Amino acid sequence: METLTIEINNPKARRLIDDLVDLGLISVKEEKLSWNERWEELSKTLPDIDSITEEDIFEEIKAVREGRESN
C-alpha cells in the first residue's frame, strides 16, 4: 500500500476521487493537524518582526473595530 498527500485544485478532481472510493480502489482519510502543527504552519507565513509592541497590537485592534462599526 502507498500513501499520498494530494491537493485538490478543481472540484471535478474531487468527484473523480470519490468515484474511485465508491469503486473500492482507494480510501480517503482526512488529516487533522494538531494545534501545534497548525500554529507552526501559520507562523511560517507571518512576517519576522520583533519591533512590534503590545500597544501597537491594541491600536490595530481598535482601528479594525472602529472600521467595522462605521460600516
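Our structure is the block above this text.
Quick caveat: nothing in here was measured; it's all calculated off a predicted structure. Along each chain, residues carry numbers from 1 onward, in the same order as the chain's sequence is written. For a predicted model such as this one, the threshold for reporting local features is a pLDDT of at least 70, and the threshold for listing and counting side-chain atom pairs is 80 or more; totals across whole chains, interfaces and linings nevertheless cover every residue. Calculation of side-chain values draws on the structure's entire complement of heavy atoms; hydrogens and water are dropped beforehand.

Draft legend 1. Local environment of the overall build of the protein chain. Scanning the protein chain for helices and strands turns up three helices and zero strands. Each helix and strand of the protein chain, ordered N terminal to C terminal, gives the series α-α-α. Relative to the 2.2 N^0.38 estimate, which gives 11 Å for 71 residues, the radius of gyration of the protein chain is 21 Å and therefore markedly larger than a compact globule would have. Along the first, second and third principal axes, the C-alpha atoms of the protein chain reach 55 × 30 × 15 Å. Counting across all 71 residues of the protein chain, residues that qualify as buried make up 1%. Carbon and sulfur atoms make up 51% of the accessible area of the protein chain, which totals about 7500 Å². Put simply, DSSP H or I for four residues or longer makes a helix, DSSP E for two residues or longer makes a strand, and each gets a number counted from the N terminus. Atoms considered for the radius of gyration are the C-alpha atoms alone. The globule rule reads 2.2 Å times the number of residues to the power 0.38. The buried label goes to any residue with under 20% of its type's maximum accessible area, the exposed label to any with over 50%, and the partly exposed label to all in between, with areas taken from a 1.4 Å probe on protein chains only. For the accessible areas, the method is Shrake-Rupley and the probe is 1.4 Å, while residue cover comes only from the protein chains on display.

Draft legend 2. Layout of the pattern of salt bridges. Here, a salt bridge means any side-chain nitrogen of Lys or Arg that lies within 4 Å of a carboxyl oxygen of Asp or Glu. Across all of its chains, the model carries two salt bridges by this definition. Salt-bridge contacts for R14 lead to D18; the nearest nitrogen and oxygen are separated by 3.1 Å. Pair noted here: R14 and D18 are both in helix α1 (residues 11-22), with a separation of four residues, about one helical turn. Classification of R14 as partly exposed rests on a relative accessible area of 32%. Taking the shortest distance from any N to any O, the salt bridge between K44 and E41 comes out at 3.4 Å.

Draft legend 3. View of the environment of S27. Within the secondary structure layout, S27 lies in the loop between α1 and α2 (35-45). Classification of S27 by relative accessible area gives exposed; the value is 57%. Sequence spacing of S27 and T3 is 24 residues, and the spatial spacing of their C-alpha atoms is 10.0 Å.

Draft legend 4. Region of interest: the environment of K12. Note on placement: K12 falls in helix α1. Assessed through its relative accessible area of 54%, K12 is described here as exposed. Separated by 21 residues in sequence, K12 and L33 place their C-alpha atoms 25 Å apart.

Draft legend 5. Layout of helix α3 (residues 54-70). The terminal C-alpha atoms of α3, which comprises 17 residues, lie 25 Å apart, in line with the 24 Å expected from a rise of 1.5 Å per residue. Burial analysis of α3 places just zero of its 17 residues in the buried class, which makes it a mostly uncovered element. Here the expected length of a helix is defined as 1.5 Å per residue gap, with one fewer gap than residues.

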